[in-house]
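# Descriptive structure summary
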Amino acid sequence: TDSLYAKEFVAAMMKNAAGGLFNFLPAVIFLVAVGLAFASGTSWGTFGILIPIVVFIYETRPDAADSHTMMIMAISACMAGAVCGDHCSPISDTTIMSSAGGQCNHINHVNTQLPYALSCAGVSFVAYIVAGFVKNAAVSLIIAMVLMAAFVFIVKQMTSKDTAQNA
């Protein structure tokens, strides 16, 4: 990442996003963290690159009233995205160790984890969009829990129909 100047690239991208898409910034940070952690295979490296950038963006905002709360939500978006990207990455040390510990094919392990990680990532992405507009962590968390419960209910209904048809 040093040779590719990833830190500078991500900083420039986040600065551009902070200008016009400020309400969407937590969701953008989440997506950037997912992509960066997936590509590098490290959540901690992603924290090291993105958290200082996020803090800088929110410290320099003129509307300081909501800035502290939004900074906390943006840092959580960074951390959640980094863990998600790391979990999905086939080059992540934790993914490699999990497949080795389970004595299963590495790529099969990655493929079986993707639906779970991506469904949680989808719900989280929507929750971070909501967070950018409502600027309240409790409301965003409640909406995320309702969305996850609805998602699980819909998947259960779809799989129970498939099971009944196959029987």
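As the structure is a prediction and not an experimental result, all values here were calculated from the model.

Here is what the cut-offs are and how they apply
Residues numbered from 1 in each chain as written. Predicted model: local features only at pLDDT ≥ 70, side-chain atom pairs only at ≥ 80, totals over all residues. Heavy atoms only, no water. pLDDT = per-residue confidence, 0-100. Helix = DSSP H or I, 4+ residues; strand = E, 2+ residues; numbered from the N terminus. Phe/Tyr/Trp six-rings, centres within 6.5 Å; stacked < 30°, edge-to-face > 60°. Buried < 20%, exposed > 50% of the residue type's maximum accessible area, 1.4 Å probe, protein only. Patch = residues over 30% accessible without salt bridge, like charges linked within 9 Å, V, L, I, M, F, W, Y side chains within 5 Å. Areas by Shrake-Rupley, 256 points an atom, 1.4 Å probe, with all protein chains shown as cover. Salt bridge = Lys/Arg side-chain N within 4 Å of Asp/Glu carboxyl O.

### Looking at the confidence of the model for the protein chain
When pLDDT drops low, the exact placement of atoms in the prediction is not to be read closely. Within the protein chain, residue pLDDT values average 85, and 88% of them lie at 70 or more. Taking the mean pLDDT of every element in the protein chain, the minimum, 68, falls on helix α1 (residues 6-20) and the maximum, 91, on helix α2 (residues 25-40).

### Examining the packing of aromatic side chains
Enumeration according to the criterion identifies 3 aromatic pairs in this entry. A centroid spacing of 5.5 Å and a plane angle of 35° characterise the contact between F30 and Y128, whose relative ring orientation is tilted. Here F30, found in helix α2, pairs with Y128, found in helix α6 (residues 106-134); they are 98 residues apart in sequence, far enough to count as distant. Take F30 and Y128: they sit in the same class, and that class is buried. For the pair W44 and F47, a centre-to-centre distance of 5.2 Å together with 70° between the ring planes defines the contact as edge-to-face. Separated by 3 residues within a single helix, W44 and F47 lie in helix α3 (residues 43-59), roughly one turn from each other.

### Details of a nonpolar patch on the surface
A cluster of nonpolar side chains, contributed by L21, F24, V126, F133, V134, V139, I143 and L147, occupies part of the molecular surface with about 590 Å² of accessible area. Broken down by secondary-structure element, the contributors of at least two residues to the nonpolar patch are α6 and α7 (137-166). Along the chain, the position of F133 falls in helix α6.

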